[in-house]
Each structure stands twice: as C-alpha cells, then as structure tokens.
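Spelled out, the chains give:
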Amino acid sequence: MPTGRRWWTDTAGGLPATYWYLWTGLLINRVGGFAVLFLSLYLSAQRGASPALAGLILGGYGVGGVGGTLLGGVLTDRWGRRSTLLAAHFATAVLLVALAVTTELRMVAGLALLLGVAQSMPGPAFVAAIIDVVPAERRSRAFNLQFWAFNLGMAGASLLAGLLAEWSYLGLFLIDAASTALTGVLIAWKVPETLPRRPATAGPATDGPATDGAPAARPATDRRAAAGSATRRGMPTVLADRIFLAFVGLTLLQALLYAQTSTIVPLAMRADGLTPSDYGLVTALGGTLIVLGQLFVPRLIDRHRKDRVLAVAVAVMALGFATLSLVDGLGGYLAAAAVWTVGSMLAAPPNAEINSELAPAGLRGRYQAVFFLTFPAAAFLAPALGGASLQAFGPVHWLIVAAVGIVAAVLHLAAGPSRERRVRGMRTAEYVGAGGGGRRPSP
C-alpha cells in the first residue's frame, strides 16, 4: 500500500458515515461559533454595559454552561443523542437571534444565561453518539479527528469574528445563528438516533445493523427501555464510580495546566514587557501546530498503552511550562508554547478514548457530562489560584505548574492498570451477555 494511502487509512479509515456527518456538523458549528468570542466587546460597545456588568453577564453564561453540560448528559441518556442535539442546536439559533435584537440589559443577561445552557448541551451528546457508532478499536482516530476539527473550527472562527465584528455585530450573531441552524438541519437529515437498544429480555445493550456501520434506527419502545434503565441508575452511579472519578480528577489536573495558556500566560507576558500582539502570536502558534500536526498523532501513539501516552503527554506539557521560569522574551514563549502544544496533541485522543471506554452504554451521556465539567472547573480554578501564585512567587509559579503536571503523569501510570482491567471486564461482560456471538473483545 502506498505511504500516502496507508497514512490516510491509519488516520481516518474505517469510520462510519454517521460519524462523518457528526464531524461535519461539529466543524460547521465551530467555524460559525464566534459570537461568544466577542460577547464582552458587544456588551460594552453596543449595549453600553460597564466592564463589571459585562463580566457579570459573561459569568452568567459560564454558570449556564455548567448547568447545560449536566442537563445535556441527562437528556442524552433519556431522550437520545439525536433529540438532544436537535433541541440544543435549534434553541441556540433562536437565542442568538434574540440576543442580536435585544437592547434591555436585564433581558440580555437572561438570554446569555440560557445561551450558556443551550451551547453546552451538545457536548455529551456528540461524544456519546460517536462512541455508539464507532467500534472501540477505531475510536482513537475518531476522537483525534474530532479534536482536530474543533481546533480548525476555532481558528476559522477567530479569523472571521474580527472581520465580522468590524462590519456588524448584528451580522456576527445572525451568521452564528445560521451556522448553528445548519448543523441542526444536517443532524436532522443524516444522523439517526444512536442510543443503544436494550431488548426486553435481560442482557446488555445491543446494536442493530446498519449499512454504514452505525446502529439502525431504534424503535421508540427500545429507546424508552434504555432510557428507563439509565434513569433508574442515574447520576449516583457515575458519582460512585471511583475508577472513573480518579480519571476525571487527573483530567482536571491536565486542564489546569492548559488553562494557564489563556489566563496566566498573558499576565506573565505583560509583566515581561511583551504586547498583546505577542500573545496573539503565541496563541496562533498553538492552533497552527494542532491543525498541521494532529492528523499524524494516531500512527505515533496507537501501538502504545494509553496510560503511558497520557503520562508522557502531561510530562511534555509540564516541561513546556517549566521553560517559562527561565525566559522573558517572545522567542522563549514561542518555544515553550510549541512544547506544551505537542503535549496537548498527544493527550487528546487517549483522554477521550478512556472516557468512552469507562462509560456503560446506558449512562454514556451522564459520564460525558461529568467529564466535561473538568473544563469549566479548570477555567475557574486556573486564574483564581494561578494569579495569586504568580503574584506571590513570580517565575517560580511555572515550576509549581510543572510539578502539578509531573504528579499527574505519575498518577496516570499508577491508575492505568486498574482502568485497563475495568475496560477488559466490561468488554468481556458485553461479549458473554450477547451470547458470545458478536465480535470478540479487543485486547
């Protein structure tokens, strides 16, 4: 097989059509998802909000995001993946249009809160649907491509947002609403319900056949049975899963490291006499590296244990942040950014894959919701703790950050064997419960 074709097969081969429709919807939504990037400027420039009031309204959006993540997880298991995605996308489109034409600041604040809810709901449903339709042995490449599309879309959104904001804030919101609605139409047209079917007899969830590798559309009775099973167990089951919560805790440590890039790094660069445009170059370098290099990651990591890949990835991130204790010029910051970006690129696929493996089929939405909460938590904790640390310790702050990363790397190695035993046990149980007639569990 030619090298180029082999690379393509290793990177994107063997993924079902339903996955690619989900992937396309995610990319469209990210490219068009620029209104929130300029929400603070919109509030001050167009609606006359003071900086304090604009910050309060943005805080409300963040609170809505936490609630929307949990709500999206519950609805993903109760309603189904497709229904949750459709409700969230069309509600978001309506809210964006309402925000564009509303002038009264109290109404704007309420709409921003609801927008935070609606825009956070699809996250658990997207990931749960990907887990449903992609075989376990191909999920690493699926999540790698998802991470790549997310960053490509964010890069496109950042470029478009500045141009549109100079043209018209109204147009900014309306085009965002249109791209969100377009994603909803694509899902309604091409994505079937993927919530695993649970037959009336005892046994684990099984998937019906489909021509593209995705589960067939579920009868309403089967979906209600699956939803009822998930409801009976619910969130307490997730919160009692110690192996999963240990993994979530380690992901939070990793997220705390990466959140430094958007919260504390710009403060450190300013203290070193660098300009906002210099910080823009550092940010752009990270996005460019991900867009250019992420597609080559699967071939690099697929033959290695996921806990070891994560340990190396977090250690590389720690090295990048440790470098900041020694530099004070733009070149040093760019070099450090290249290092921590490589670490985040290596970590993305195994992080998502482990998360998918630990979630029982009937509770995938709730497991994704709890996992996704690490990111708003890190967005709050990183500036709250990091700002005080940078003020108190100066450049030594970056050695503290690096130490957190090294601790996380060691803990990944310690927690890896128990995670692998859990995953093997779940796959064996599913195989035996299906009568041994399905595909044997992957090693």
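The structure presented is a predicted model; accordingly, all values stated were derived computationally and were not measured.

1. Considerations on the overall build of the protein
Piece 1. Regarding its fold elements, the protein presents 19 helices and zero strands.
Piece 2. When contacts within the protein are restricted to residue pairs at least 6 apart in sequence, long-range pairs at least 24 apart make up 82% of them.
Piece 3. Surface summary for the protein: the accessible area is close to 19200 Å², and the carbon and sulfur share equals 68%.

2. Topic: the side chain of Asn355
Piece 1. Mapped onto the secondary structure, Asn355 falls in helix α16 (residues 330-358).
Piece 2. Residues within four places of Asn355 in sequence aside, it is in contact with Phe244, Phe247, Tyr367, Gln368 and Phe371.

3. Here's the deal with helix α9 (residues 169-190)
Piece 1. Spanning 22 residues, α9 covers 32 Å between terminal C-alpha atoms, matching the ideal 32 Å at 1.5 Å per step.
Piece 2. Within the sequence span of α9, burial applies to Tyr169, Gly171, Leu172, Phe173, Asp176, Ala177, Ser179, Thr180, Thr183, Gly184, Leu186 and Ile187.

4. Observations regarding the side chain of Thr180
Piece 1. Along the polypeptide, Thr180 turns up in helix α9.
Piece 2. Judged by its relative accessible area of 2%, Thr180 is buried.
Piece 3. For Thr180, the residues in contact, after removing those within four places along its chain, are Asn29, His89, Thr92, Ala93 and Leu96.

5. What about the nonpolar core?
Piece 1. With 26 residues, the main nonpolar core has Tyr19, Leu22, Trp23, Ile130, Val134 and Leu145 as its most contacted residues.
Piece 2. Those elements that provide at least two residues to this core are α2 (17-31), α5 (81-101), α7 (122-133) and α8 (139-167).
Piece 3. The dominant element in this core, judged by the number of residues it contributes, is α7, at seven residues.
Piece 4. Not counting residues within four places of it along the chain, the set of residues in contact with Ile130 comprises Tyr19, Leu22, Ala142, Phe143 and Gln146.
Piece 5. In this structure, Ala35, Tyr42, Ala112 and Ala118 belong to the second largest nonpolar core, which totals 23 residues.

6. What to know about the packing of helix α11 (residues 242-263) against helix α15 (residues 306-323)
Piece 1. Following both chains from N to C, one finds α11 and α15 inclined at 30°, their axes separated by 11 Å at the closest point. Put simply, α11 runs roughly parallel to α15. The interaxial crossing formed by α11 with α15 has left-handed handedness. Side by side, α11 and α15 meet where Phe247, Gln254, Leu257, Tyr258, Gln260 and Thr261 of the first sit next to Leu310, Val314, Met317, Ala318 and Phe321 of the second.
Piece 2. Along the lines of polarity and charge, the residues of the contact of α11 with α15 split into eight nonpolar, three polar and no charged.

7. Some points on the packing of aromatic side chains
Piece 1. For the structure shown, the criterion picks out ten aromatic pairs.
Piece 2. A centroid spacing of 5.3 Å and a plane angle of 75° characterise the contact between Tyr19 and Trp20, whose relative ring orientation is edge-to-face.
Piece 3. Overall, Tyr19 belongs to the buried group, its relative accessible area being 1%.
Piece 4. Between Trp20 and Trp23, the aromatic rings sit 5.5 Å apart at their centres with planes inclined by 70°, giving edge-to-face as the arrangement. Taken together, the positions of Trp20 and Trp23, both in helix α2 and three residues apart, correspond to about one turn of that helix.

8. Some points on the environment of Val66
Piece 1. Within the element layout of this structure, Val66 appears in helix α4 (residues 51-78).
Piece 2. With 311 residues separating them along the chain, Val66 and Ala377 place their C-alpha atoms 8.9 Å apart.
Piece 3. Residues contacting Val66, with those up to four places away along its chain left out, are Leu373 and Pro376.

9. Examining the confidence of the model for the protein
Piece 1. Summarising the model, the protein shows a mean pLDDT of 83, and 84% of its residues fall at 70 or more.
Piece 2. Put simply, helix α10 (residues 220-239) is where the protein has its lowest mean pLDDT, 58, and α15 is where it has its highest, 96.
Piece 3. In this model, residues 199-231 is a region of pLDDT below 50 whose contacts with residues beyond four sequence positions or in other chains number 66 contacts.
Piece 4. Segment residues 437-443: pLDDT under 50, and eleven contacts once partners within four positions in sequence are set aside and those in other chains are kept.

10. Quick look at the environment of Ala402
Piece 1. Note that Ala402 resides in helix α19 (residues 396-433).
Piece 2. On the basis of relative accessible area, Ala402 is assigned to the buried category, the value being 8%.
Piece 3. Not counting the four nearest positions on each side in its chain, Ala402 is found in contact with Ala318 and Ala322.

11. Points about α16
Piece 1. For α16, spanning 29 residues, the distance from its first C-alpha to its last is 42 Å, which sits close to the expected 42 Å at 1.5 Å a residue.
Piece 2. Of all the bends found along α16, the most pronounced is centred on Ala347 and spans about 30°, while Pro349, a proline, follows it within four residues.
Piece 3. Within α16, 22 of the 29 residues are buried, which leaves it mostly tucked inside the rest of the structure.

12. Some remarks on a nonpolar patch on the surface
Piece 1. Together, Val97, Val101, Leu170 and Leu174 make up a nonpolar patch on the protein surface, roughly 320 Å² of accessible area in all.
Piece 2. Breaking the nonpolar patch down by element, the ones donating at least two residues are α5 and α9.
Piece 3. Relative to the elements of secondary structure, Val97 occurs in helix α5.
Piece 4. Val97 gets classed as partly exposed once you look at its relative accessible area, which sits at 36%.

Here is what the cut-offs are and how they apply
- Residues numbered from 1 in each chain as written.
- Predicted model: local features only at pLDDT ≥ 70, side-chain atom pairs only at ≥ 80, totals over all residues.
- Heavy atoms only, no water.
- Helix = DSSP H or I, 4+ residues; strand = E, 2+ residues; numbered from the N terminus.
- Contact = heavy atoms within 4.5 Å.
- Areas by Shrake-Rupley, 256 points an atom, 1.4 Å probe, with all protein chains shown as cover.
- Expected span 1.5 Å × (residues − 1).
- Buried < 20%, exposed > 50% of the residue type's maximum accessible area, 1.4 Å probe, protein only.
- Core = buried A, V, L, I, M, F, W, Y, C linked by side-chain atoms within 4.5 Å.
- Axes fitted to C-alpha atoms, helices over the stretch in contact; angles between N-to-C directions.
- Parallel < 35°, antiparallel > 145°, perpendicular 65-115°, else oblique.
- Left-handed = near helix turned anticlockwise from the far one by under 90°.
- Nonpolar A, V, L, I, M, F, W, Y, C, P; charged D, E, K, R; others polar.
- Phe/Tyr/Trp six-rings, centres within 6.5 Å; stacked < 30°, edge-to-face > 60°.
- pLDDT = per-residue confidence, 0-100.
- Bend = angle between axes of the 7 residues up to and from the residue.
- Patch = residues over 30% accessible without salt bridge, like charges linked within 9 Å, V, L, I, M, F, W, Y side chains within 5 Å.
- Salt bridge = Lys/Arg side-chain N within 4 Å of Asp/Glu carboxyl O.

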